[in-house]
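Listed here are the chains, written in short residue letters.
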Amino acid sequence: LVRLLCVIELKMKLTCKQSQMVILALRVKVKMKICKTCKTEKEEDAFYRNRGSRLASCKQCCYEKELKYFSDPTNRLKKRKTTIKRKYGLSFEDYVQMLESQGYSCKICNKALEEDGGKDIKPHVDHCHSTGKIRGILCSYCNTMLGVFNDDPKYFYKAIDYLKGNDEKEIETN
């Protein structure tokens, strides 16, 4: 605040009294709010928006609360169940049954999948974006590949032709 006051005085060649009035005017425009969790007064921008208002806890407290919540495996599983049901209309039991029928592996590349694994081995529900029909469970890479090719087989055939053509030829580099 003192640094800002000095900058204003130097740049605008204001007297000390005038610069203090400018600071007061700036301070009025910045709305403050007290976080219900950490009881600290913070600028309104430090709080997430929610339907036209702001949440009662600041962003930092929300982050810490979420981190603590999801460090418990039970809560992670509960979130996973609700996400699968909400996004795909699939019960968790049906989801597990699909995984078992695929031998807990990706339906395309056969990479082993683990529910609590890292990003690349965590199962992803593959579905048709136009019909919503579930096609199977894939690894992250195969699911992304289908998305990049817009689920269009012609791109896969072109990619196959491209790979076959480049396997037989040596590519010259300068």
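Residues numbered from 1 in each chain as written. Predicted model: local features only at pLDDT ≥ 70, side-chain atom pairs only at ≥ 80, totals over all residues. Heavy atoms only, no water.

Draft legend 1. Spotlight on the nonpolar core. With 14 residues, the main nonpolar core has Tyr 95 and Ile 137 as its most contacted residues. Taken together, the elements giving at least two residues each to this core come down to helix 5 (92–101), strand 6 (134–138) and helix 6 (140–148). Ranked by the residues each element gives to this core, the list is headed by helix 5, at four residues. In contact with Ile 137, not counting residues within four places along its chain, are Tyr 95, Met 98, Leu 99, Gln 102, Ser 105, Cys 106, Lys 107, Leu 113, Pro 123, His 124 and Val 125. (Core = buried A, V, L, I, M, F, W, Y, C linked by side-chain atoms within 4.5 Å. Buried < 20%, exposed > 50% of the residue type's maximum accessible area, 1.4 Å probe, protein only. Helix = DSSP H or I, 4+ residues; strand = E, 2+ residues; numbered from the N terminus. Contact = heavy atoms within 4.5 Å.)

Draft legend 2. Inspection of the packing of aromatic side chains at higher detail. Applying the stated criterion across every chain yields a total of four aromatic pairs. Each ring, one from Phe 149 and one from Tyr 155, has its centre 6.2 Å from the other, and the planes form 25°; the classification is stacked. Judged by relative accessible area, Phe 149 falls into the partly exposed class, the value being 22%. Geometrically, the ring pair formed by Phe 149 and Phe 156 is edge-to-face, given 4.7 Å between the ring centres and 85° between the ring planes. Of the aromatic side chains, those joined through ring pairs into one cluster are Phe 149, Tyr 155 and Phe 156. The cationic tip of Lys 33 hangs over the ring face of Phe 47; the distance from NZ or CZ to the ring centre is 5.4 Å. (Phe/Tyr/Trp six-rings, centres within 6.5 Å; stacked < 30°, edge-to-face > 60°. Lys NZ or Arg CZ within 6 Å of the ring centre and 35° of its normal.)

Draft legend 3. Geometry of the pattern of salt bridges. Summed over all chains, the structure comprises three salt bridges. The partner of Asp 151 in a salt bridge is Arg 135, with the nearest N and O atoms 3.2 Å apart. Of this pair, Asp 151 sits in the loop between helix 6 and helix 7 (153–168) while Arg 135 sits in strand 6; the two residues are 16 residues apart in sequence, bridging distant segments of the chain. Assessed through its relative accessible area of 33%, Arg 135 is described here as partly exposed. A single network of salt bridges, built from pairs that share partners, joins Asp 126, Arg 135 and Asp 151. (Salt bridge = Lys/Arg side-chain N within 4 Å of Asp/Glu carboxyl O.)

Draft legend 4. Molecular detail of the environment of Met 98. The topology assignment puts Met 98 in helix 5. With 38 residues separating them along the chain, Met 98 and Gly 136 place their C-alpha atoms 7.2 Å apart. Discounting chain neighbours no more than four positions away, the residues touching Met 98 are Leu 90, Ile 134, Gly 136 and Ile 137.

Draft legend 5. Representation of the pairing of strand 4 (residues 53–58) within the structure. Relative to strand 4, strand 3 (residues 47–50) is paired through three bridges, and the arrangement is antiparallel. Considered in strand 4, the bridge of Asn 50 is made with Ser 53. Between strand 3 and strand 4, which pair antiparallel and follow one another directly, the connecting turn spans two residues, one of which, Arg 51, has a positive phi of 50°. (Pairing = 2+ DSSP bridges.)

Draft legend 6. Just the environment of Gly 132, in detail. Along the chain, Gly 132 turns up in the loop between strand 5 (124–127) and strand 6. Judged by relative accessible area, Gly 132 falls into the partly exposed class, the value being 41%. Between the alpha carbons of Gly 132 and Gly 89 there is a distance of 9.5 Å; along the sequence they are 43 residues apart.

Draft legend 7. Geometry of unusual backbone geometry. Its identity is not glycine, yet Arg 51 carries a phi of approximately 50°, on the positive side. Looking at the secondary structure, you find Arg 51 in the loop between strand 3 and strand 4.

Draft legend 8. Main features of helix 5. Inspection of helix 5 places Phe 92, Tyr 95, Met 98 and Leu 99 among the buried residues, and these make up the whole buried set. The buried residues of helix 5 occupy an angular sector of 115° when projected down its axis, which confines them to one face. Turned more than 90 degrees away from the buried face of helix 5 sit Glu 93, Gln 97 and Ser 101, all of them exposed. Just beyond helix 5, the residue with positive phi is Gly 103, at close to 70°. (Arc of directions from axis to C-beta.)

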